[in-house]
Amino acid sequence: MAAADKKRTLEHWLKDAHAMKSARTENLERQVARFEGFPDVQRRLEDHVAHSRQQIAEIETYLHELGSDTSATRDAVSQMMSNLQGWTTAAAPDELVKYCIADEAFAEFEAASFETLAVAAREYGEPRIAEGCARMRDEERDMADWFRAELPRITQGYLSGASGAR
């Protein structure tokens, strides 16, 4: 693939990542209040929201460095999908369990996306972007591991009728 095509691909994928992170961050913000019976989960989600906002800003910086910008269309479509996911899950009595399952899966998806971005940035000759994307990949893997570890406790809380586990 020619260098111009590699750059264009990297830009498109960064725009996709920006849209994904923006929508996902808003979804996580809505979840924080839902975990009222699990203050440690709320704190971890709040920390993850802060990390996600940092990742969004970093992706925007990468796009500007490449002479590009975010995609309003991608952001809008991702936001609509995020709202739909939040609405359908919130309607369920076992919403906390479903949130935890979805959060783990989505963190794994984000990790894979950032791995792809790291490879693309390396291929295009942008080692700083590659390093940043690799770090974000690791952050998302850590978050997926955390959700996986919390899932039994959240499930037990739901099954036992614990406060906050609807």
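(A) Representation of the packing of aromatic side chains within the structure. Tallied over the full model, the rule gives three aromatic pairs. Taking 5.6 Å as the distance between ring centres and 45 degrees as the angle between the ring planes, the aromatic pair formed by F106 and F109 counts as tilted. Taken together, the positions of F106 and F109, both in helix α4 (residues 95-124) and three residues apart, correspond to about one turn of that helix. Relative accessible area serves as the criterion here: at 28%, F106 is assigned to the partly exposed category. When the ring of W146 is compared with that of F147, the centres are 5.2 Å apart and the planes differ by 70 degrees; the resulting orientation is edge-to-face. Exposure class is identical for W146 and F147. Each is buried.

(B) The arrangement of the environment of A120 in detail. Checked against the element boundaries, A120 lands in helix α4. Note: C-alpha distance between A120 and L10 (110 residues apart in sequence) is 6.0 Å. Setting aside chain neighbours within four positions, we find A120 in contact with L10 and W13.

Rules and cut-offs
Residues numbered from 1 in each chain as written. Predicted model: local features only at pLDDT ≥ 70, side-chain atom pairs only at ≥ 80, totals over all residues. Heavy atoms only, no water. Phe/Tyr/Trp six-rings, centres within 6.5 Å; stacked < 30°, edge-to-face > 60°. Helix = DSSP H or I, 4+ residues; strand = E, 2+ residues; numbered from the N terminus. Buried < 20%, exposed > 50% of the residue type's maximum accessible area, 1.4 Å probe, protein only. Contact = heavy atoms within 4.5 Å.

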